[in-house]
Amino acid sequence: MILEIDNIELYFKNKRILNGIYLKAETGKVTGILGVNGSGKTSLLYIVFGCLQPKYKLIRIDNKPILKPLYLTNKIGFLTQHHFIPRNIKIKSVFLLFNISWEDFNKKFNALNINKHSIFSTLSGGERRLVETFVILKSNKKIVLLDEPFSHIAPVYIETIKRLITELKKDKVIIITDHLYRHFMDVSDDLYLIKDGHSEFIKNTKELEDYKYLSLGTIS
Amino acid sequence: MKQLLSIYVFYRPFILWSLGVSFLFSIIGYNLIPIFIIKLVLIVFLWYLLANTSGSKKFIFYKNLGISNLKLFSSIFFIDICLNLPILLIFKEFV
């Protein structure tokens, strides 16, 4: 599957946030989006998901334009920066709704000691984040959007999440954005940088210094 | 079925409020149809309120399950009618 995002133009009141965005993501590759704070990365993910209506947009899947919001196709999962699973739901219900094996989760994160019968709000922020990331990654969605998946997660579990992303990219289009640069670079195959509302395809990571996303000398 | 379960998760915190509104307007003397019209207005108001505040974040969960806002709120309205109708009919027999 090839997902193309083209010709995005987004304004908030009179302020131009995005214009001239082109991004191509495909099954088998993790596509990373970089950009400084406020560059429009999260807005772009919301546009792709179908929650935010820009002035112009063109989204194609395998060269076919998709006119309705992508979430209505049931092909896309979105891990937002904030907690998205309701606080009052039982953990086992979340796994049931997304059709995911609880045993699988327990095997990967056995040190967590989470009781599947407890309510979601009883988990810590990091545990909630882990469950949400796992649920979105393992659901049957063919397109997965991950907005800062490594934030608020312990290093040991970041490694597990990275392994999971690498394992699942064979069957999914994965688009990721994060400020934890090292982890982000470990999993990303293609890189785009959003700067001044435009997207730039990054062929060589050294370019990130040229575009002043990274300080000089960060990449040795 | 799973979509219905997730819609119920959204509706659950409002069940008692909904019953309270039904009983209140029933005691005042409203008939069933005006009560349901009031509830429709309240549901549209709730939708507007959530959509224009940080409450809109709550919708992401349902959208991840392929449920649009329209589907979510119209389902809640119909579930609410199905739940309230028999209760109100019995209640009206005694009041």
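Note: the structure precedes this text.
Only a predicted model underlies this, so the values are computations on that prediction, with no experimental measurement involved.

1. Observations concerning the overall build of chain B
- Of the regular secondary structure elements, chain B holds five helices and zero strands.
- Starting at the N terminus and ending at the C terminus, chain B contains elements arranged as α-α-α-α-α.
- For chain B, the spread of C-alpha atoms along the principal axes amounts to about 45 × 30 × 20 Å.
- Considering chain B as a whole, with its 95 residues, one finds that 41% of them fall into the buried category.
- Long-range pairs, those at least 24 residues apart, make up 74% of the contacts in chain B between residues at least 6 apart in sequence.

2. Comments concerning the interface of chain B and chain A
- Facing the 17 residues of chain B at the interface are 22 residues of chain A.
- Contact between chain B and chain A buries roughly 1,700 Å² in total, counting both sides, with carbon and sulfur atoms accounting for 67%.
- Inspection of the region where chain B meets chain A yields zero salt bridges.
- At the junction of chain B and chain A, the tally comes to three residue pairs in polar contact (both at pLDDT 80 or more).

3. Structural notes on helix α5 (residues 69-94) of chain B
All names here are of chain B.
- Helix length check: α5, at 26 residues, gives a terminal C-alpha distance of 37 Å against a target of 38 Å (1.5 Å per residue), a fit within 8%.
- Maximal helix bending in α5 amounts to about 30°, located at Asn-84; proline Pro-86 follows within four positions.
- The set of residues buried in α5 consists of Asn-69, Leu-72, Phe-73, Ser-75, Ile-76, Phe-77, Asp-80, Ile-81, Asn-84 and Leu-88.
- Of the surrounding secondary structure, the elements contacted by the buried residues of α5 are α1 (2-11), α2 (15-28), α3 (32-51) and α4 (59-64).

4. Some words on the packing of α1(B) against α5(B)
Residues and elements named next belong to chain B.
- Interaxial distance between α1 and α5 falls to 10 Å at its minimum, and their mutual angle equals 80°. Our classification of the angle between α1 and α5 gives roughly perpendicular. In this structure, α1 contributes Gln-3, Leu-4, Ile-7, Phe-10 and Tyr-11 to the contact, and α5 contributes Lys-71, Leu-72, Phe-73, Ser-75, Ile-76, Ile-79, Asp-80, Leu-83 and Asn-84.
- Of the residues belonging to the contact of α1 with α5, the class tally is nine nonpolar, three polar and two charged.

5. What about the side chain of A:Glu9?
Residue and element names in this part refer to chain A.
- Structurally, the position occupied by Glu-9 is in strand β1 (residues 2-12).
- Buried and unpaired, Glu-9 has no salt bridge, with Lys-55 as the nearest side chain of opposite charge at 4.6 Å.
- At a separation of 3.1 Å, a polar atom in the side chain of Glu-9 contacts the side chain of Tyr-11.

6. Some points on the environment of A:Ile33
- Within the secondary structure layout, A:Ile33 lies in strand β3 (residues 30-34).
- Taking the C-alpha atoms as reference, A:Ile33 lies 9.7 Å from A:Leu45; in sequence the two are 12 residues apart.

7. Topic: the pattern of salt bridges
Residue and element names in this part refer to chain A.
- Scanning all chains against the criterion turns up 11 salt bridges over all chains.
- We note a salt bridge from Glu-26 to Lys-29, for which the minimum N-O separation is 3.9 Å.
- Given the relative accessible area of 23%, Glu-26 is considered partly exposed.
- Looking at Lys-29, the relative accessible area reads 31%, which means it is partly exposed.
- Measuring nitrogen to oxygen at the nearest pair gives 3.6 Å for the salt bridge that ties Asp-104 to Lys-108. Remark: Lys-108 and Asp-104 occur in helix α3 (residues 102-108); sequence separation between them is four residues, near one turn of the helix.
- We classify Asp-104 as buried; its relative accessible area is 18%.
- Via salt bridges that share partners, Glu-4, Asp-6 and Arg-60 belong to a single interconnected network.

8. With respect to the pairing of strand β8 (residues 173-177) of chain A
Residue and element names in this part refer to chain A.
- Of all five residues in β8, five are buried, a share of seventy percent or more.
- On β8, burial covers both faces: Val-173, Ile-175 and Thr-177 on one face and Ile-174 and Ile-176 on the other are all buried.
- In the sheet, β3 pairs with β8 via four bridges, with the strands oriented parallel. Directly across from Ile-33, in β8, lies its bridge partner Thr-177.
- Where strand β7 (residues 143-147) lies against β8, five bridges are found, and the strand directions are parallel. When the bridges of β8 are listed, Val-144 appears paired with Ile-174.
- The parallel pair β7 and β8 is bridged by helix α5 (residues 155-168), and the resulting crossover is right-handed.

9. Digging into the packing of helix α4 (residues 125-138) of chain A against α5(A)
All names here are of chain A.
- At a minimum axis distance of 11 Å, the contact between α4 and α5 shows a crossing angle of 10°. One way to sum up the angle between α4 and α5 is to call them roughly parallel. On α5, the residues that touch Leu-130, Thr-133, Phe-134, Leu-137 and Lys-138 of α4 are Tyr-157, Ile-161, Leu-164, Ile-165, Glu-167 and Leu-168.
- Its residues assigned to classes, the contact of α4 with α5 comprises eight nonpolar, one polar and two charged.

Reading the values: rules and limits
Note that residues are indexed from 1 along each chain, following the sequence as it is written. For this description, chains carry letters from A and ligands carry numbers from 1, given in the order in which they are written. The predicted nature of this model means local features are confined to residues of pLDDT at least 70 and side-chain atom pairs, given and counted, to a pLDDT of 80 or more, with totals for whole chains, interfaces and linings taken over all residues. The side-chain quantities take in all heavy atoms of the structure and omit both hydrogens and water. In this text, helices come from DSSP runs of H or I with a minimum length of four residues, and strands from runs of E with a minimum of two, each type numbered from the N-terminal end. Partly exposed residues are those whose accessible area sits between 20% and 50% of the maximum for their type, while under 20% is buried and over 50% is exposed, using a 1.4 Å probe and protein chains only. Should any heavy atoms of two residues lie within 4.5 Å, those residues are counted as being in contact. Buried area: the accessible surface (1.4 Å probe) lost by two parts on joining, summed over both. The salt bridge criterion pairs a side-chain nitrogen of Lys or Arg with a carboxyl oxygen of Asp or Glu, the two atoms within 4 Å. Two N or O atoms count as a polar contact when they lie within 3.5 Å, although within protein this holds only if one can serve as hydrogen donor and the other as acceptor, and sequence-adjacent residues are included solely when both atoms are side-chain atoms. Here, expected helix span is obtained from the residue count minus one, scaled by 1.5 Å. One axis is fitted to the seven residues ending at the residue and one to the seven starting there. The bend at that residue is the angle between these axes. Here an axis means a line fitted to C-alpha atoms, over the contact stretch when the element is a helix, while the angle between two N-to-C directions is reported on a 0 to 180 degree scale. Roughly parallel means an angle under 35 degrees; roughly antiparallel, over 145; roughly perpendicular, 65 to 115; everything else is oblique. Throughout, the ten residues Ala, Val, Leu, Ile, Met, Phe, Trp, Tyr, Cys and Pro are labelled nonpolar, Asp, Glu, Lys and Arg are labelled charged, and all others, Gly among them, are labelled polar. Two residue types count as positive, namely Lys and Arg, and two as negative, namely Asp and Glu; His and chain ends fall outside the count. Strand pairing is assigned whenever DSSP identifies at least 2 bridges connecting the two strands. Handedness is read with the strands pointing away from the viewer; a crossover is right-handed when the path from the first strand over the helix to the second is clockwise.

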